[in-house]
Every structure is written in structure tokens, then in C-alpha cells.
Amino acid sequence: FRMDSQNQYCVSRPIYSTRAFEHVNEKQVRETKTIKERLRNSFFPILNWLPIYQLKQWLPGDIVAGVTTGMVCALQGLAYSLLVGVPPVYGLYAAFFPILTYFILGTSRHLSVGPFPVTCLMQGAVVLSLAPDELFLYHGNTTGVNGTATLVVNTTFGMGVVQVGFLVRYLSDPLVGGFTTAAALQVVVSQLKLIFNVPTNNYNGILSLFYTIGDIFKNIKQTNMVDLIAAVLTIIVVMLVKEFNTKFQKKLPVPIPIEVIVTIIDSGVSYAMDLSTNYGAGIVRTIPRGFIPPRSPDVSLFSSFGGPSFSTGVVSYAIAISVAKVYAAKHELIVDGNQELIAFGISNIFCGCFSGFVATTALSRTAIQESTGGKTQVAGIISALMVLIVIVAVGPLLQPLQKSVLGAIIVANLKGMFMQVHDVPILWRKNKTDCCIWVLTCLACIFLGLDVGLLTGVIFELGTVVIRTQFPTCSTLGNVPSTEIYKNMKDYKNIIECPGVKVFKCAAPIYFANIEYLRDQIKHTVGFNAVRVFKKRNKALKKIHQLIKKGKLKVTESFLTISFGAAISEVEVQVDWSSTLPVSVRIPKVNIHSLVMDFTAVSFLDVMAAKSLKLIIKEFMRIGVNVYLAGCDGMACLREHRTLDMCSMVNKFLSYSPSYSIIQFLKLSSN
């Protein structure tokens, strides 16, 4: 390698075959860690950062962040319990218990673990479909516990068990964007009955959103104006203050905890004016002090909610890992996806045993924890202590709080999700397929429900991947003069082809579904069908043999070459196919002597593709066209296809080199 004063460089190296490359560079066996070593290094991430905790530098920020986040977390726990369909105290449990286990097992230092409206709504739909309150209420039970809450323990435990991290890889950003936008709409509609304080039936499944809207308009005359006014004022105030917090984020020492302020004011006004008795306002009523004893899940119910729990678990993990990666990248930290899977799975199991509901994270809470100076999960533990204070002491003071205010707080916090609609025109300009995934997932979740809609979106997304690999982008490459750069011939004017050589590039894996398409693209690139050429040449040869036998054609013709076999009677006739032949057979012209297949973008071959590729090479070689594979990673393409021995097949080499090295080799060979 060398570079001159004009910033031009020259690379000089040999062209390797697979065997030669491995021999020269001494291929070695990769070392793998044992399961015991992996567990010791990663199962308890707290051991990585707690011993190096900087008390003076980090603790003040963690305290401020923990106190601020804890107040918001407690309030959101109360509000999101309405989405699950359980008494508010269970929301406090969901905001407290998951933090304890995540503190030990989590790898993100900034996540605020707790309830999230989308997953709460998904769990609430399952709970209400299996245990309607009208069938399971225990009248006179002062703790507010009902059959619905009991089932929450089972569903949350199930969600902890079925956390499957690898499935999150199939949830692309457009799919998650469409899903969460539709979920935000579902959340708003579910809270309208609290904001208007009108009776509605509980619906789940196809068109449930529209049935709920129909019930709201049907009973709109029963609206409680006190609840409606309180909710509207709450939405306006919360959204305005949040905009203020965002605009003056750098100037404010901590964001204004407007949700906490609104809650305290509304509780005081509701208590002083006795809104429930005098005006019929819907209030929280009961928030008992302390905890409910832990209980084991009823495994007999697992089969009833396995599917919905599975989808909710996948969504909760996807949201958590997405937010965690954002802040890990910002602070140059590392988040282990597999360990996060374990952390959230155990957190949900632990939370479910103590009567909480599904836990993940929320971008708003995590943003508060990070922006107020949170450095580690010590801030999370402090926020859990704030929730604990509410559970054991402050909770009863919030009993006069209006449910419509809690519903309004939920709605006001969904603005960010609705703003994702602005992504649609951007996606349309960048990638229409991703835009279609976003729109279809959103519409499917609105019309079919969140669980079925998510499944529909995933199936459609995977279908687009299959289609894109089944019909991959194939191109003919040409050389930029005086460089080693090869680009698509259709994209640039000033590129040329090496005479007698075609460079074909496939930008996708090659497998059973696209091998025929690949054949067609190769035919289009070279300009002829190798099988048809071979058949036509054989037909022409037979006619030439007949003419020679009949004496109508002399063997001294310029286009004929005669060679004798072991016996005198064995005569082989070789024809110059570029010449004009004396037979009436139309033979397609073959204007190349070499075909280079650029496999730099081919990640794998399946068995069928390997066999077909061997056949394609054979078809070209028998008509005198050499085939070379360039940029082919032997480990990826040939590890499981030992029968695909390209070296012996083409009697040349299977190169690790890019296409231009092959071309340079062909030019030197021709000279």
C-alpha cells in the first residue's frame, strides 16, 4: 500500500483462493466463553458500576433526579391503574417493586422502570375480557380488591415468563411507531369515559374502539360537567407547562412537576368542596396504606392469556430496550439486550407476585431522571423510596382525587406519541415500504385491536422482507476510468466495461425463493441464455458433422479446427462461433469470455441455492465462459455447503478479493 502527493493510493497484493488465504493467514478456532463465565460477568451488572460509584460527584444528582422522578412515577402509577382496570393502589405497587430488581439486574443506568400506558392498556384489555368487574366485585371489601386485580397477578407473572428478546428484532422503528400511535389513540378513547364520567361497556377485539366511542356519544347527556371541566383544565395546564419545561430545559434546575402540583390542588379542592357528594364527581375513594401479602400465580389461567401476554411482553421489552439504547448512546455506555431481557422478566415476575402490573419504562420519566442529573440506578432506588412514602403514608390523602384528572394527565402525556404522525411523510420520501409498514400497522391496531393489529403488522413487515429478498437488487458493474472503483452502470455515465467481461452483483442472500429470479437477472446481464446457446451449438455441430461426412464441407474452412483422438476414427471438430457458419441455425452471440459474480452483499446460501449456483457455473463453462466469484466470504457462504467446491468447479479460484481485483487479473491474463 502506498499513497502519493495527490492523495491517490495504490494497493498491490496477491489474489487468494479460500485455501490459500486460510493457509497464509493461519486460520484459528474462535474462543467461546462457558455459561458459567457469562453468568459471572453479566448476570449482576450492579457489580460493574457500584464499586466505582463516585459519591461526591454522582450522589447529589441522583438524589435530585430520584425525588423528582419518584413523585411523577407515583402519580403515573395511580393514573395508569385506570387503564388496567384495577384500584389505584396497584399502580403504586407497579411503580415500586420492579425498580428493586432492576437496580440489581439492569444494565441501563438511566431507565426509570415502571408502568407505561400502552402496555397497561394491552394488559387491561386482557383482564377485562377474562374478568369483568360486574362478575367479580366483592361488595363491602374496603381494600378495593376484586377478581380483576387477582387476575393481574397471573397475567403479569406470565408476561415475565414469556419475555422473548430475540423477537424484538422483528419490531422495526416504523412498526413500533405505527403501533404506539394507534395505542395512544386507544388510550385516549379509553379515558374519555372518565373525563366525561359516562357509563360505557368494556369492549375488546375488532372495532372495540368504535364501540366505545359509540357508547360515549350514546350517553353524552349524562356528562358530569365538574369532571369535564377539571379534565379540560388539567390537559391544558399540563401540556402548557410541559412545553415550558422543554423550551427552558437548560435554564431550569429541575422540570416543574406539574402533574404532582395539579394532583395536590385537585385533591385539596375536591376534599374542601366535597365534589363527590355535592356534584357527583368520580373520585379515587380508597387508597389503602401498606402492602398486600405476596401470592403465587394461578397456573391454570396461563392458557387463557398466553397469547396476549406474549405480545404485551414483547412490546414492553421493545419499548424499554429502545429507550435504554438512546441514553446509552448519549452517555457512551453499553446496554446488554439479553441481560435487559432477564432483568425485565424477573422484574415482572417479582412485581406480579406483589399484585403489581406489567412494568417497562416511559420516555417521559426516563427523560426527567436523566435531565435532572441522574447518573445511575441509585436515582431509581430513591424514586422507589418516594413511591414507598406514598404507599405507607401519603396515599389516603389522595383519596378525594378526581378520576377525570388522572385520565387527563394520561392524555396530556401522550402528545409525544401522537407527534409520531409527522414521521409518515418523512418515511414516504425515504422508504415507501417502511411508510406502508407504519400506516398498515397503525390502521390494523385501530380496527383490529392492539394484539391482533401488532401481529398483522409483524406479518406484513416480514412479508416485505421476504419480497425484497425474493426480488433482490441486481446490477451490472462498470469501472470508473483510472480507478479501482466499480459502480452500477445505470447510475453513472462515465464508467466503462472491461471488454469481454461482465460483472454481476446481487445485493441479497441467495436462497430457494430467489434463485430463479437470480438466474433471470444473470441472463439479462450477459445478454444470452447459456442453456439455449449450448443447445443451439450442439444442433449446429451435428449439421456440420453431416456436411463433412457428405463431402459438402471441407475441413480446411477457417472457422473449423480438427483434432484427433486416441483412435484415428475419433475426430473432434471445434468451431469458431464468432464466425459465419454454413448452417441454418441461429446461435445467440456470446460476447464475453468471463463472468464475475460480486458476492460482497451475499450473506448466505442455502442448499438449493448452492446446487443451482453450481449448475449455473457449469452452464457457462461448457460454452467457454469462465465464472469467478468475487468478495465471497467463505465462512458465511460455504461453511455448511462443503459440496460447493468452486475451486475445483471452475479450476480457478474462489476469491476474497473485490471485483476490481478479478478484473485486473483478467486483464493481465489476456495480455
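This structure is a prediction, so every number in the text was calculated from the model and none was measured.

**Student:** Lay out the overall build of the protein in plain terms, naming residues and giving numbers.
**Tutor:** Along its length, the protein carries 28 helices and 11 strands. Put simply, the protein has 671 residues, and 49% of those count as buried. The contacts in the protein between residues at least 6 apart in sequence include a share of 79% that link residues at least 24 apart. Within the structure as shown, the protein displays about 33900 Å² of accessible surface, and the carbon and sulfur contribution to it stands at 61%.

**Student:** Got a sec to walk through the side chain of Gln369? Specific residues and values, please.
**Tutor:** Mapped onto the elements, Gln369 comes out in helix H16 (residues 363-371). Among the polar contacts made by the side chain of Gln369, one reaches the main-chain carbonyl oxygen of His110 at a distance of 3.4 Å. Of the polar contacts made by the side chain of Gln369, one reaches the backbone oxygen of Leu111; its length is 3.5 Å. Once residues within four sequence positions are removed from consideration, Gln369 is found in contact with Ala65, Thr69, Arg109, His110, Leu111, Ser112, Gly374, Thr376, Gln377, Ala379 and Gly380.

**Student:** Residues and numbers for helix H5 (residues 88-105), please.
**Tutor:** Relative to the 26 Å expected for 18 residues at 1.5 Å per residue, H5 spans 27 Å between its end C-alpha atoms, a close match to the ideal helical length. Among the 18 residues in H5, 16 count as buried, and that is most of the element.

**Student:** Which residues make up empty space enclosed by the protein, and what are the values?
**Tutor:** For the coordinates displayed, the defined rule picks out three cavities of 30 Å³ or more. Roughly 70 Å³ of internal volume is contained in the largest cavity. For the largest cavity, the full set of lining residues is Arg519, Ile522, Lys523, Asn529, Ala530, Val531, Ile616, Glu619 and Phe620. Only helix H23 (515-526), helix H24 (530-550) and helix H25 (607-621) provide two or more residues apiece to the lining of the largest cavity. Its residues placed into classes, the lining of the largest cavity shows five nonpolar, one polar and three charged.

**Student:** I'd love a proper account of the packing of aromatic side chains, names of residues and values included.
**Tutor:** Overall, the coordinates contain 19 aromatic pairs when judged by the stated rule. Where Phe528 meets Phe620, the ring centres are 6.0 Å apart and the plane angle is 65 degrees; that geometry is what we call edge-to-face. Here Phe528, found in the loop between H23 and H24, pairs with Phe620, found in helix H25; they are 92 residues apart in sequence, far enough to count as distant. According to the relative accessible area criterion, Phe620 is buried, its value standing at 4%. The structure contains a cluster of three or more aromatic residues connected by ring pairs, namely Tyr90, Tyr93, Phe96, Phe97, Phe291, Phe350 and Phe354.

**Student:** Residues and numbers for the sheet that holds strand S10 (residues 594-598), please.
**Tutor:** The sheet built from five strands is open, its strands ordered S6-S5-S7-S10-S11 with mixed pairing. Among the strands making up the open sheet, the edge pair consists of strand S6 (486-488) and strand S11 (626-630). Mean inter-strand twist for the sheet, computed between neighbouring axes without regard to direction, equals 30 degrees. Note that strand S5 (residues 474-479) and S6 share three bridges and pair antiparallel. The partner of Gly478 across the bridge, within S6, is Lys487. Here H23 sits on the sheet and contacts S5, strand S7 (501-506) and S10; the angle it forms with S7, its principal contact strand, is near 150 degrees.

**Student:** Can you tell me about a nonpolar patch on the surface, naming the residues and giving the values?
**Tutor:** Taken together, the side chains of Tyr203, Ile206, Leu207, Phe210, Tyr211, Val439, Leu443 and Phe447 present a nonpolar region at the surface, about 690 Å² in accessible area. Where the nonpolar patch is concerned, the elements lending two or more residues are helix H10 (208-218) and helix H21 (432-448). Per-element accounting of the nonpolar patch gives the leading share, three residues, to H21. Inspection of the secondary structure puts Phe447 in helix H21.

**Student:** With reference to specific residues and values, describe the pattern of salt bridges.
**Tutor:** One pass over the full model with this rule turns up six salt bridges. In this structure, Glu497 engages Lys502 in a salt bridge whose closest nitrogen and oxygen atoms are separated by 3.1 Å. For Glu497, a relative accessible area of 30% gives the class partly exposed. Glu619 is the partner of Arg519 in a salt bridge, and the nearest nitrogen-oxygen pair spans 3.5 Å. Here Arg519, found in helix H23, pairs with Glu619, found in helix H25; they are 100 residues apart in sequence, far enough to count as distant.

**Student:** Just give me the short version of the pairing of S7, but keep the residues and values in it.
**Tutor:** Side chains on a regular strand alternate between the two faces of the sheet. Counting buried residues in S7 gives five out of six residues, a clear majority hidden from the surface. When S5 meets S7, the two strands line up antiparallel, connected through four bridges. Counted as the bridge partner of Ser475 is Lys505 from S7. Bridge analysis of S7 against S10 gives five bridges, and the strand direction is parallel. The residue of S10 that forms the bridge with Lys502 is Leu595.

**Student:** Give me the lowdown on the confidence of the model for the protein, citing residues and values where you can.
**Tutor:** A low pLDDT means the predicted coordinates there should not be read in detail. Counting all residues, the mean pLDDT for the protein is 80, and 82% of those residues have values of 70 or more. The low-confidence segment residues 563-569, where pLDDT is below 50, has seven contacts with residues more than four positions distant or belonging to other chains.

**Student:** Which residues make up unusual backbone geometry, and what are the values?
**Tutor:** Of note in this structure, Leu207 is not a glycine but carries a positive phi near 60 degrees. The residue Leu207 is located in the loop between helix H9 (173-196) and H10 in this model. The phi dihedral of Glu332 is positive, around 55 degrees, even though this residue is not glycine. Topologically, Glu332 is positioned in the loop between helix H14 (302-330) and helix H15 (337-353).

**Student:** Just give me the short version of the nonpolar core, but keep the residues and values in it.
**Tutor:** Core analysis: the largest hydrophobic core is formed by 98 residues, its most contacted members being Val118, Phe179 and Leu406. Dropping the residues within four chain positions of it, Phe179 is found in contact with Val118, Met122, Val315, Thr441, Cys445, Leu450 and Leu454. Ranked by size, the runner-up nonpolar core spans 27 residues in total, among them Ile522, Val533, Val602 and Leu605.

**Student:** Describe H21, with residues and values.
**Tutor:** Over its 17 residues, H21 runs 23 Å from end to end, which matches the ideal 24 Å to within 8%, given 1.5 Å per residue. Cys435, Ile437, Trp438, Thr441, Cys442, Ala444, Cys445 and Ile446 are the residues of H21 that are buried. Its buried side turned inward, H21 meets H9, H10, helix H20 (423-430) and helix H22 (450-470). The N-capping residue of H21, defined by a side-chain oxygen 3.0 Å from the backbone nitrogen of Thr433, is Asn431. Once H21 finishes, Gly449 follows within two positions and takes phi at roughly 100 degrees, a positive value.

Analysis parameters
- Residues numbered from 1 in each chain as written.
- Predicted model: local features only at pLDDT ≥ 70, side-chain atom pairs only at ≥ 80, totals over all residues.
- Heavy atoms only, no water.
- Helix = DSSP H or I, 4+ residues; strand = E, 2+ residues; numbered from the N terminus.
- Buried < 20%, exposed > 50% of the residue type's maximum accessible area, 1.4 Å probe, protein only.
- Contact = heavy atoms within 4.5 Å.
- Areas by Shrake-Rupley, 256 points an atom, 1.4 Å probe, with all protein chains shown as cover.
- Polar contact = N/O pair within 3.5 Å; in protein donor to acceptor, adjacent residues only side chain to side chain.
- Expected span 1.5 Å × (residues − 1).
- 1 Å grid on protein atoms, 1.4 Å probe; cavity = no way out; pocket = protein on both sides within 12 Å on 5 of 7 lines; lining within 4 Å.
- Points joined across faces, edges and corners; volume = space filled by probe spheres on them.
- Nonpolar A, V, L, I, M, F, W, Y, C, P; charged D, E, K, R; others polar.
- Phe/Tyr/Trp six-rings, centres within 6.5 Å; stacked < 30°, edge-to-face > 60°.
- Pairing = 2+ DSSP bridges.
- Axes fitted to C-alpha atoms, helices over the stretch in contact; angles between N-to-C directions.
- Patch = residues over 30% accessible without salt bridge, like charges linked within 9 Å, V, L, I, M, F, W, Y side chains within 5 Å.
- Salt bridge = Lys/Arg side-chain N within 4 Å of Asp/Glu carboxyl O.
- pLDDT = per-residue confidence, 0-100.
- Core = buried A, V, L, I, M, F, W, Y, C linked by side-chain atoms within 4.5 Å.

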